[in-house]
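Tertiary structure, described
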Amino acid sequence: MTTTLQRPAPRYRPPAPLGGRTPHARSARRSLLALLFLGPALVLLGAFVAWPMLSAFRLSFTDSSGFGRESWVGLENYVRVFADPDVLRALGNTALYAALFTPTAVVTALVLALALNHPRLPLRGAFRTALFLPFVVSLAVAAFAWSYLLDPQIGLLNFWLRGAGLQLGNVLQDPALAMPTVALVAVWKNFGFYMVIFLAGLQEIPGSLREAAVVDGASPWQRFRHITLPMLSNTFAFVLIVALIAALQAFDQIYVMTGGGPFGSTQTIVMEIYESGFRELELGFASALSYVLLGITLLLSLLQFVFFGRREKDLQ
Amino acid sequence: MTTISLPRPRRVHAASVMLAVAMVLATAAALLPIAIIVFTAFKPVAEVNAYPPTLVPGAWTLENFARIFEELPFARLIGNSVIFAGGVTLFALVFDSLAAYALARIDFRGSKVLLIAIIASLMIPFQATLIPVYQLVADLGLINTFAGLIAPRAADAFGIFFLRQFFLSLPRDLDNAARIDGASEFRIFRSVVLPNAVPALLTLGIFTFVNNWNDLLWPLVFTTEAEMGTITSGLTLLTGPGGIIPQGVMMAGSLIAVLPLAVMFLMIQRRFIESVASTGMK
């Protein structure tokens, strides 16, 4: 989380209203007041977050199809998540996607942020604007553009690569290359976002540190390794975990570009949830899978929490 | 350069030229897919399918834009996107700021527990609750309605948390002065706290609008009629099996989908980037 929890300022207690109310009555009045402010949000969050969480948990132990009878099947759905080869492949594919997307996106973002932060770079603002622009494009639209660029017959990229003597072929039909391709589209869309977060982190590093290192004769690599990187470690961990969590939710460009194919090679967890839940109407199974996704996400969030907790203690 | 050319400054100069060249190349690569969208949208069909492919059109045409309005109820989809993304943004700003005010300014029993619950729910990806939320919306008869698209997102734990943090940072002198003058709590919220929170509201608003405008899975799930889709979900109807639509038409639709956000970004860049950087946790 970028914003750390702040200790609230001492609460202001409104002056006691006339009529000599008891402190108890005042506290009740404040609770009522708070409820009025919180009411709409609490009703909505209750209906559309809290209740669905419980409901999905219950569903995950049934064979519900949305209508008709449903019966309790115990852990069957969860067993299926870890036994069904198709589902295992979707889990594996998601891990592969995360392994391709996360480091590529984070490193690209860091390198470009460092370049943008370089004192000798001209036209910094223009570069930053241009590099951030892909982030406003939706993943679905990015997928259309990339599919066209990569088209084996009329795609410009293939044509250019052929000019350079390289043969790319039909990457989206190639089980080995389809996943790297959909990951690349997400890298293209998201690196600008991680880049501006890195840029904010870089700008917090005091210039005096760099100057001192220059005076001491440190090489650019030494300055990066011993000043920039340690000072950036918080931002780095934050971006890494945000990118990992985003990777777990991969869906849009895969839905558009490959539909999970070829031969299931780009089928991810969220694709599987969408298909089993909304096409095959296996709500129980899809709910179990949702809980697995939730579990992995919570684990990563917890990691972030522990990491930042430790960092904050270190800094104190 | 000056006539005195010492070796050291020259090397640094060369390095900065290399850096600039590398950045130009990186930027060109990053902008290529966007250039493809823009240029292809104006290319005649024959040229789009011709070999060798071109980047810049030899002849410019608007026929792709006319065609996208024939293939899809495109004007309707644009309107749907505006109502959906705008509606979610508007409601979320109202409900989130009300809730955030209570959590930041009113001392009531259970506020801590509530705050922790809200922070905990930040970690729940919406994909994980999609099925029961769909069932609920379906039971309420709200599939294919704006209410069904908007209501589940009309309050957002992240927005509440984000605004609460901002409200805490506002000095309390003003609200205390108003309180002594006998202003009601709602009046303080509306006339004292909200006007001072405009930057935070804008930040959250941009973030929410962009996310919803670009979302695919949500409109895909909550609308089944082509008439009720958004631009993003509508365009996907044209691809995939059976969707033999000339690329120029797809790119014309894509360009229209991207344009509002791109223009918004270019107009308020600083605010836009700030918004993304400070709300980056989601």
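Residues numbered from 1 in each chain as written. Chains lettered and ligands numbered in written order. Predicted model: local features only at pLDDT ≥ 70, side-chain atom pairs only at ≥ 80, totals over all residues.

**Some remarks on the overall build of chain B**
For the record, the criterion: Only DSSP runs of H or I with at least four residues qualify as helices, and only runs of E with at least two residues qualify as strands; both kinds are numbered from the N terminus onward. Whether a residue is buried, exposed or partly exposed is read from the other C-beta atoms within 10 Å of its own C-beta, which are placed from the backbone; 20 or more gives buried, 12 or fewer gives exposed, and intermediate counts give partly exposed. Throughout, a pair of residues is in contact if the C-beta atoms placed from their backbones lie within 7 Å.
Within chain B, the secondary structure is distributed over 15 helices and 0 strands. If you line up chain B on its principal axes, its C-alpha atoms span 75 × 70 × 35 Å. Across the 282 residues in chain B, those meeting the buried criterion constitute 45%. Contacts spanning at least 24 positions in sequence make up 73% of the contacts within chain B whose residues lie at least 6 apart.

**A look at helix α4 (residues 124–132) of chain A**
Residue and element names in this part refer to chain A. Here is the rule: Think of the arc as the fan of directions from the helix axis to the C-beta atoms.
Within α4, the full set of buried residues consists of F127, R128, L131 and F132. The arc that holds every buried residue of α4, seen down its axis, measures 120°, which confines them to one face. For α4, exposure combined with an orientation more than 90 degrees from the buried face picks out G125 and A126.

**Comments concerning the confidence of the model for chain B**
Detailed reading of the predicted model is not advised wherever pLDDT is low. What counts here: In predicted models, pLDDT denotes the confidence assigned by the predictor to each residue on a 0 to 100 scale.
On average, residues of chain B carry a pLDDT of 87, and 92% of them reach 70 or more. Under the prediction, the complex receives an ipTM of 0.86, its pTM being 0.86.

**Details of the environment of G165 of chain A**
Here G165 of chain A is to be found in the loop between α6 (156–163) and α7 (178–203). Overall, G165 of chain A belongs to the exposed group, with 6 C-beta atoms counted inside 10 Å.

**Looking at the interface of chain B and chain A**
Interfaces are often described in size by the accessible area the parts lose on coming together. The criterion, for reference: Amino acid classes used here: Ala, Val, Leu, Ile, Met, Phe, Trp, Tyr, Cys and Pro are nonpolar; Asp, Glu, Lys and Arg are charged; the rest, including Gly, are polar.
If you look at the interface, chain B gives 78 residues, while chain A gives 84 residues. Across the side of chain B that touches chain A, the residue classes tally to 52 nonpolar, 20 polar and 6 charged.

**Some details on the confidence of the model for chain A**
Residues and elements named next belong to chain A. When pLDDT is averaged across chain A, the result is 86; 91% of the residues are at 70 or more. Mean pLDDT across the secondary structure elements of chain A bottoms out at helix α13 (residues 283–315), with 80, and peaks at helix α3 (residues 85–116), with 95. The model gives residues 1–5 a pLDDT under 50, and that stretch makes 6 contacts with residues more than four places away or in other chains.

**Quick look at the packing of α3 of chain A against α7 of chain A**
Residues and elements named next belong to chain A. Selection criterion: The angle between two axes is taken between their N-to-C directions and runs from 0 to 180 degrees, where each axis is a line fitted to C-alpha atoms and a helix contributes only its stretch in contact. Roughly parallel means an angle under 35 degrees; roughly antiparallel, over 145; roughly perpendicular, 65 to 115; everything else is oblique. Working rule for handedness: look at the near helix, and if it is turned counterclockwise from the far one by less than a right angle, call the crossing left-handed; if clockwise, right-handed.
Where α3 meets α7, the closest approach of the two axes is 6 Å, and the angle between their N-to-C directions is 40°. Classified by the angle between their axes, α3 and α7 sit oblique to one another. Along this stretch, α3 crosses α7, giving a crossing that reads as right-handed. For the contact of α3 with α7, the per-class residue count stands at 22 nonpolar, 4 polar and no charged.

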